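What follows is each chain in one-letter form.
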Amino acid sequence: RPFSDFQKHRQEFTPVYPDSLDINSKINIRKEDFGVKEEIKPLFKTLLGETGMPYVELQVDDSSGKILKTAEPIRIGCVLSGGQAPGGHNVISGLYDMVKDIHPDSKLFGFLKGPHGIFTGNFVEIEDDFMNEYRNMGGFDMIRSGRDKIESPEQFENSLKYCNDLELNGLVVIGGDDSNTNACLLAEYFNSHESKCKVVGAPKTIDGDLKNEYCEVSFGFDTATKTYSEQIGNIIVDNRSTKKYYHFIRLMGRSASHIALECYLQTRADLVLIGEEIFEKNRTLKEVTNEIVDVIVKRNELGKNYGVFLIPEGIIEFFPEMKPLISQINDLFGEKTDIEDPRAYVLEHLTADNKALFEFLPKEIADQLLLDRDPHGNVQVAKIETEILMILLCQKELEEREAKGEYSGKFHPQSHYFGYEGRCAIPSNFDTQYCYAIGRTAASLISLGYSGYMAINKNLQDSNPKNWISAGCPLPTMMGMERRKGKDKPVITKYIVELDGPMYKTYLQFKDRWSLYDCNVSPGPIQLHDPSSIDVPFLVRSPDLELL
Ligand code: FBP
């Protein structure tokens, strides 16, 4: 593969990692019981056993600790699951270096094209040259990814067979909330079939919704939001130069509005919609349209017929009238794959309210709601052009206000979608180091015999990775039950924007001023020149009001 000078320079960087992950450190395990919801317990009987699964923290202890080097080599498989997120290759390089530190003859295998590679036994052995090409690089192209879910009894059986045939001590599933849930089901299955293969997850997703009291942030969020913020900043400056357009920018992020909110605070765009706020306040499409139009009208009164508005892609599911429509469409499709004319089928079966809304939506948007769900039952919001929907609704409302003599400005909208370009950028300094530490943690957990855990690193506000805390959190502790494809399923509870949290409070404090007075900033490109300097996202460190 050819590499740019910059890529070559970046490949040479060796990340810094917590002292507890240094192979020469003596470590002890601190355990704490965080419990598991009653309804989840029956699903993980053998993992939980009589005593449950404690949270485990790796601590340096020079007096009574033990080093992780083993007399026998270990064998680990890894898989990249779901959407790409910058830093995935560094989870693999962290794993690789740790297994070799544990024993030089240890082996790392990569299952190809996501979970499909596990149940079809499609894998490669990862060796020095192959690994070195991908150190600190973006993308998931090293072993590729896929959205398959290990679901059917045959898929579970075959996964067990191939992991046993490879004599794996462990499998690391690098994925989001759904993939980590799947990893835990696999861990239980392997355990109940007395396989020595442990299963450990790694928290991946640019969406930022895999976050809880144990996992401070999923990897990829930092790079993706910095990439989008750079692009938004560029549009802001372009717009300031001509003062001619209203830019409606839809930002990737399947469900929660973290990406849009982070980018809003980074760029101080003129307006952002927050899905969680819309849901909490039960605000309809019409009400939200009116709020956007109110801003456009006020800006016109100040002589401004331009602006930059941010729209999270997941917003469509938060409108009170949309949720029942989407959920009825999900239930109607369920496991069915053979519907000839999906539009006619749903129109025939929808309730009167849902049907009225379906028919009110522009046809292209309504049709996008019918696209196939992903294997986890999620609506493919990345394919729904919500920015165009909002433009059309605003246009209509502005025309009505113009007819009533309440508005006489110009409205020239431009639509954008920032999504895929943020998912494979060269990882930021934070993601580079964070992912490497996660990889080393996952290998350590497997070597210590833990299964059904997520490899995590905490204390991320500390800009020196040596001071981060490496740990394993039991996956069942993070789970609750949710309705998917018409059935109740265990899922890792998604972290959504907290309306009493610091990010949202900052938004509330500034939104009126920022919507009218061009307070925008252009953060510029991700700074990569000094890999050791880490700038963590607001989602981790909370915004500093003094600086805004
Ligand atoms: P993960 O949850 O697998 O990390 O994927 C997240 C995501 O990037 C969403 O933000 C987006 O809606 C979706 O993937 C797009 O999926 P696809 O790559 O299948 O179009």
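Keep in mind that this is a model prediction, so the values were computed, not measured.

### Some remarks on the side chain of Q11
Along the chain, Q11 turns up in helix α1 (residues 5-11). Assessed through its relative accessible area of 14%, Q11 is described here as buried. Other than its neighbours up to four places away in sequence, Q11 contacts F3, N132, E133, R135, N136 and M137.

### Brief notes about the packing of helix α9 (residues 258-267) against helix α18 (residues 502-516)
Taken N-terminus to C-terminus, the directions of α9 and α18 make an angle of 50 degrees; their axes are 11 Å apart at the nearest point. Classified by the angle between their axes, α9 and α18 sit oblique to one another. Here α9 and α18 pass one another in a crossing that is left-handed. Contact with α9, carried on its side by L261, E262, Y264 and L265, involves M503, Y504, T506, Y507, F510, K511 and W514 of α18 and no other residues of that element. Split into classes, the residues belonging to the contact of α9 with α18 amount to eight nonpolar, one polar and two charged.

### Some details on empty space enclosed by the protein
Applying the stated criterion across every chain, the model contains three cavities of 30 Å³ or more. Considering only enclosed or pocket space, the largest cavity measures out at about 80 Å³ in volume. Considering the residues around the largest cavity, the lining is formed by 13 residues, among which P115, I150, V173, S179 and N182 are closest to the centre. Taken together, the elements giving at least two residues each to the lining of the largest cavity come down to β3 (75-81) and α7 (177-192). Tallying contributions element by element places α7 first for the lining of the largest cavity, with four residues. Partitioned by chemical class, the residues of the lining of the largest cavity number seven nonpolar, four polar and two charged. Space inside the second largest cavity adds up to approximately 70 Å³.

### Brief notes about the pattern of salt bridges
Applying the stated criterion to the full structure yields 31 salt bridges. Across the pair R250 and E387 runs a salt bridge, and its minimum N-O distance is 2.6 Å. One end of the pair, R250, is in strand β9 (residues 246-251); the other, E387, is in helix α16 (residues 386-403), with 137 residues separating them in the sequence. For the pair R250 and E387, one class covers both residues: buried. One connected set of salt bridges, linked through shared partners, spans D222, K226, D535 and R541.

### A look at the confidence of the model for the chain
Reading predicted coordinates in detail is not appropriate for stretches of low pLDDT. When pLDDT is averaged along the chain, the result is 94; 98% of the residues meet or exceed 70. This complex was scored by the predictor with a pTM of 0.95 and an ipTM of 0.98.

### Some thoughts on the site of the ligand
Taken together, the neighbourhood of the ligand is formed by 13 residues, with G83, R147, D207, E313 and Y420 sitting nearest. At 3.3 Å from an oxygen atom of the ligand is found a main-chain nitrogen or oxygen belonging to G253. A distance of 2.5 Å is found between an oxygen atom of the ligand and a side-chain nitrogen or oxygen belonging to Y420. When the ligand sits alone it has 490 Å² of accessible area, and the protein chains cover 87% of it. Here the ligand occupies the second largest pocket. Classifying every residue of the shell around the ligand by side-chain character gives three nonpolar, four polar and six charged.

### Re the packing of aromatic side chains
Within the structure shown, the criterion is met by 23 aromatic pairs. Here the aromatic rings of F430 and W468 are separated by 6.0 Å at their centres, their planes lie at 65 degrees, and the arrangement is edge-to-face. You can see F430 sitting in helix α17 (residues 429-447) and its partner W468 sitting in the loop between β13 (453-458) and β14 (469-474), a full 38 residues away along the chain. On the basis of relative accessible area, F430 is assigned to the buried category, the value being 1%. Taking the relative accessible area as the measure of exposure, W468 reaches 3% and is therefore buried. Judged by centre distance (5.0 Å) and plane angle (25 degrees), the rings of F510 and W514 are stacked. Of this pair, F510 and W514 both sit in helix α18, separated by four residues, roughly a single helical turn. Residue W514 is classed as buried on the basis of its relative accessible area, which comes to 1%. One aromatic cluster is present, built from ring pairs that chain together Y264, Y504, Y507, F510 and W514.

### Structural notes on the side chain of K458
As for its position among the elements, K458 is in strand β13. This buried residue, K458, is left without a salt bridge; E57 holds the nearest opposite charge, at 4.4 Å. Within the structure, the side chain of K458 is placed 3.2 Å from the side chain of Y55, a separation counted as a polar contact. Not counting chain neighbours up to four residues away, the residues in contact with K458 comprise Y55, E57, Y214, E216, W468 and I469.

### A few points about the sheet that holds strand β12 (residues 413-418)
One open sheet holds the four strands; their spatial order is β10-β11-β9-β12, and the pairing between them is parallel. Strands with a single pairing partner mark the edges of an open sheet, and in this sheet they are β10 (271-272) and β12. Packed onto the sheet, α9 meets β9, β10 and β11 (307-312) and runs at close to 155 degrees relative to β11.

About the thresholds
- Residues numbered from 1 in each chain as written.
- Predicted model: local features only at pLDDT ≥ 70, side-chain atom pairs only at ≥ 80, totals over all residues.
- Heavy atoms only, no water.
- Helix = DSSP H or I, 4+ residues; strand = E, 2+ residues; numbered from the N terminus.
- Buried < 20%, exposed > 50% of the residue type's maximum accessible area, 1.4 Å probe, protein only.
- Contact = heavy atoms within 4.5 Å.
- Axes fitted to C-alpha atoms, helices over the stretch in contact; angles between N-to-C directions.
- Parallel < 35°, antiparallel > 145°, perpendicular 65-115°, else oblique.
- Left-handed = near helix turned anticlockwise from the far one by under 90°.
- Nonpolar A, V, L, I, M, F, W, Y, C, P; charged D, E, K, R; others polar.
- 1 Å grid on protein atoms, 1.4 Å probe; cavity = no way out; pocket = protein on both sides within 12 Å on 5 of 7 lines; lining within 4 Å.
- Points joined across faces, edges and corners; volume = space filled by probe spheres on them.
- Salt bridge = Lys/Arg side-chain N within 4 Å of Asp/Glu carboxyl O.
- pLDDT = per-residue confidence, 0-100.
- Near = heavy atom within 4 Å.
- Polar contact = N/O pair within 3.5 Å; in protein donor to acceptor, adjacent residues only side chain to side chain.
- Areas by Shrake-Rupley, 256 points an atom, 1.4 Å probe, with all protein chains shown as cover.
- Sits in = over half its atoms within 2 Å of the grid points.
- Phe/Tyr/Trp six-rings, centres within 6.5 Å; stacked < 30°, edge-to-face > 60°.
- Lys, Arg positive; Asp, Glu negative; His and termini not counted.
- Pairing = 2+ DSSP bridges.

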